[in-house]
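Remarks on the overall topology
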Amino acid sequence: MADIPNLNTLRSGHGGVRGRGFRRGGRAIPENDDTSTLPLESEAQTRDRIIQQTDNDATSSRLSAIDLGYLKDRYTKELVPPGEPVARRYPIINRGTYVRSQTIDTLIVKFLNKSKAGDSNIISLGAGSDSRYWRLTEETDFLSYHELDFEANVAPKQAAIDRAFANPGSELTRWQLEDGDDSCSHHLHAIDLRDLAGADPPDLPELDWTLPTLILSECCLCYLPPDTASAVIEYFTSRLQSAVGLVLYEPIRPNDAFGKTMVSNLGSRGIHMQTLQRYHSLDTQRQRMKLAGLDAGQGARDIYQIWESEAWIPKAERERVEGLEWLDEIEEWKLLASHYCVAWGWKGDVFSRAWKGLGGDATDEERRDGPGQ
Ligand SMILES: C[S@@+](CC[C@H](N)C(=O)[O-])C[C@H]1O[C@@H](n2cnc3c(N)ncnc32)[C@H](O)[C@@H]1O
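Everything numeric here is computed off the predicted structure, so don't read it as measured data. (Residues numbered from 1 in each chain as written. Predicted model: local features only at pLDDT ≥ 70, side-chain atom pairs only at ≥ 80, totals over all residues. Heavy atoms only, no water.)

Helix and strand counts for the protein chain stand at 13 helices and seven strands. Counting the 373 residues in the protein chain, one finds 54% classified as buried. When contacts within the protein chain are restricted to residue pairs at least 6 apart in sequence, those whose partners lie at least 24 apart make up 81%. Summing over all exposed atoms, the protein chain offers an accessible surface of approximately 16,500 Å²; the carbon and sulfur share of this is 49%. (Helix = DSSP H or I, 4+ residues; strand = E, 2+ residues; numbered from the N terminus. Buried < 20%, exposed > 50% of the residue type's maximum accessible area, 1.4 Å probe, protein only. Contact = heavy atoms within 4.5 Å. Areas by Shrake-Rupley, 256 points an atom, 1.4 Å probe, with all protein chains shown as cover.)

Attention now moves to the site of the ligand. As a matter of local geometry, the ligand sits amid 23 residues, with Arg100, Gly126, Asp149, Asp192 and Leu193 nearest to it. With respect to the ligand, the side chain of Arg100 contributes an N or O atom lying 2.8 Å from an oxygen atom. Here Gly126 contributes a backbone N or O atom positioned 2.8 Å from a nitrogen atom of the ligand. Relative to its free-state accessible area of 600 Å², the ligand is covered by the protein chains to the extent of 99%. At the level of elements, helix H1 (43-52) and helix H2 (54-67) are the ones that each hand at least two residues to the shell around the ligand. (Near = heavy atom within 4 Å. Polar contact = N/O pair within 3.5 Å; in protein donor to acceptor, adjacent residues only side chain to side chain.)

A few words now on the environment of Arg318. Checked against the element boundaries, Arg318 lands in helix H11 (residues 315-322). For the pair formed by Arg318 and Glu308, sequence separation is ten residues and the distance between their alpha carbons is 9.0 Å.

The subject of this paragraph is the nonpolar core. In this structure, Leu125, Phe236 and Trp355 are the most contacted members of the largest nonpolar core, which totals 93 residues. Per-element tally for this core: the top contributor is helix H3 (residues 91-114), with nine residues. Ignoring any residue separated from it by four or fewer positions in sequence, one finds Phe236 in contact with Ile123, Leu125, Leu148, Leu196, Leu204, Trp209 and Ile215. (Core = buried A, V, L, I, M, F, W, Y, C linked by side-chain atoms within 4.5 Å.)

The topology assignment puts Thr228 in helix H7 (residues 226-239). Judged by its relative accessible area of 18%, Thr228 is buried. Sequence separation between Thr228 and Pro85 is 143 residues; the distance between their C-alpha atoms is 37 Å.

Looking now at the UniProt feature "binding site: S-adenosyl-L-methionine" (unreviewed entry) in the protein chain. On the UniProt side, "binding site: S-adenosyl-L-methionine" (unreviewed entry) is annotated at positions that read Arg100, Gly126, Asp192, Leu193 and Glu218 here. Look at the named residues: they lie 119 residues apart in sequence, and the longest C-alpha span between them is 24.7 Å, so in the fold they stay spread out. Summarising the element assignment, Arg100 is placed in helix H3. For Arg100, a relative accessible area of 4% gives the class buried. (UniProt positions renumbered as here; feature names shortened; annotations may be inferred.)

On to the packing of aromatic side chains. Counted by the stated rule, this structure contains 14 aromatic pairs. Note on Trp312 and Trp344: the rings are 5.4 Å apart at their centroids and 70° apart in plane angle, and the pair reads as edge-to-face. Remark: Trp344 occurs in strand E7 (residues 340-347) and Trp312 occurs in the loop between helix H10 (303-308) and H11; sequence separation between them is 32 residues. Take Trp312 and Trp344: they sit in the same class, and that class is buried. Three or more aromatic residues link up through ring pairs in this structure, and these residues are Tyr133, Trp134, Tyr145, Phe165 and Trp175. Taking NZ or CZ as reference, Arg95 lies 5.4 Å from the ring centre of Trp333, over its face. Here Arg288 stacks its cationic end above the ring of Tyr279, 3.9 Å away from the centre of that ring. (Phe/Tyr/Trp six-rings, centres within 6.5 Å; stacked < 30°, edge-to-face > 60°. Lys NZ or Arg CZ within 6 Å of the ring centre and 35° of its normal.)

Contact geometry of H2 with H3 gives a least axis separation of 9 Å together with a crossing angle of 95°. Classified by the angle between their axes, H2 and H3 sit roughly perpendicular to one another. Residues Ala58, Ser61, Arg62, Ser64 and Ala65 of H2 pack against Ile93, Asn94, Thr97 and Arg100 of H3. Taken together, the residues of the contact of H2 with H3 break down into three nonpolar, four polar and two charged. (Axes fitted to C-alpha atoms, helices over the stretch in contact; angles between N-to-C directions. Parallel < 35°, antiparallel > 145°, perpendicular 65-115°, else oblique. Nonpolar A, V, L, I, M, F, W, Y, C, P; charged D, E, K, R; others polar.)

Attention now goes to the sheet that holds strand E4 (residues 213-218). Pairing is mixed in the open sheet, where seven strands are placed in the order E3-E2-E1-E4-E5-E7-E6. Where the open sheet ends on each side, the last strands, each with one partner, are strand E3 (185-190) and strand E6 (300-302). In this sheet, neighbouring strand axes are inclined to one another by 15° on average, regardless of whether the strands run parallel or antiparallel. Here strand E5 (residues 244-251) runs beside E7; their pairing, made up of eight bridges, is antiparallel. Across the sheet, Val247 pairs through a bridge with Trp344, a residue of E7. Across the sheet, helix H5 (residues 151-165) touches strand E2 (143-149) and E3, and the angle it forms with E3 is around 145°. (Pairing = 2+ DSSP bridges.)

Attention shifts here to the pairing of E2. By the criterion of burial, E2 is predominantly enclosed, with seven of the seven residues buried. Where E2 meets E3, six bridges bridge the pair, whose relative direction is parallel. Paired with Ser144 across the bridge in E3 is Ser185.

For the structure on display, the rule yields 28 salt bridges. Linking Arg253 and Asp302 is a salt bridge whose minimum nitrogen-to-oxygen distance equals 2.8 Å. You can see Arg253 sitting in the loop between E5 and helix H8 (257-268) and its partner Asp302 sitting in strand E6, a full 49 residues away along the chain. Two residues, Glu317 and Arg320, come together in a salt bridge whose shortest N-O distance is 2.9 Å. Residue Glu317 and its partner Arg320 are both found in helix H11; the two are separated by three residues, about one turn of the helix. Here Glu317 falls in the partly exposed class, since its relative accessible area comes to 22%. Classification of Arg320 by relative accessible area gives partly exposed; the value is 33%. (Salt bridge = Lys/Arg side-chain N within 4 Å of Asp/Glu carboxyl O.)

Spelled out as structure tokens, the structure:
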């Protein structure tokens, strides 16, 4: 699971000056990386840089989980600077990364299966180094995938993609030969999401607003002020003309003992999850969907509930994952996993058919005495 305090990051510097000068459409990144001539960072820039670097945590957790066999993904290693060893994460982190990724994949694949007959969009807010586009297109046609992130993260990702496609032996080149399909497209948008909440928000080039669209925020909107995060969601829901689904992965329960420690550890690294108090529980996440004009049903589960549910993780798959690493910190696992959730809401027939009934029966009330009770 990413964004957990006290974990070493695999890489550093991702999101630094290399991104400057990059523009979507291919302007070259400057050769000169000499930082000594750069002006001093303002406090706001420092805060943004720290947020940009949270992608390092997410990616390093993903690489660890891939390396140990939790996740199948041959692309992520090509989207990060070459030559870094994979840092092994704790078993509870690997399991959390697994459940988070699988759950989001399940929601996406259910949507894509229902919209098979035509094109669809996925808009990934704060996509970082995510490799989902290439994994999904191994199975799917007719997908326009739009990734939005700060220029400082988009630039190195674009450079890594270009590097991989220039290498005949890379997995991305293999993908291009085996799965690359003209009817799928990948778009990187270098943008500060907060600009979408302003009075005169920019357009997103090449986004077809008429298609059914799934919006994904995998630990991204939680870094924005709550009203700004809502305005970003509204930017999309008010413009999209067809079915809309929203999938969020975020921390919850900041006010119990574990939650307070989590918040304080993140704070000591300069990381502030700004939406966390407003959307502190599964119920407030569901209400948030309703306020956004979306149907939520039972559409919020914590990571521990999902791990425990056969509807999400079938028995054989659970046994496979349990066999990958010995995990004896069961109580820690329950605590950690119950402080992160996946929430989903929708409007439109294709999402109703894809997601209705998903979730199981447990409610917040049933769980108020703690995880697993
Ligand atoms: C924890 S990382 C998650 C990356 C990816 N979604 C994943 O789960 O692997 C958070 C990402 O959100 C991006 N982000 C946060 N605030 C943003 C903003 N205002 N505009 C654009 N991107 C933002 C960061 O740059 C970073 O890449």
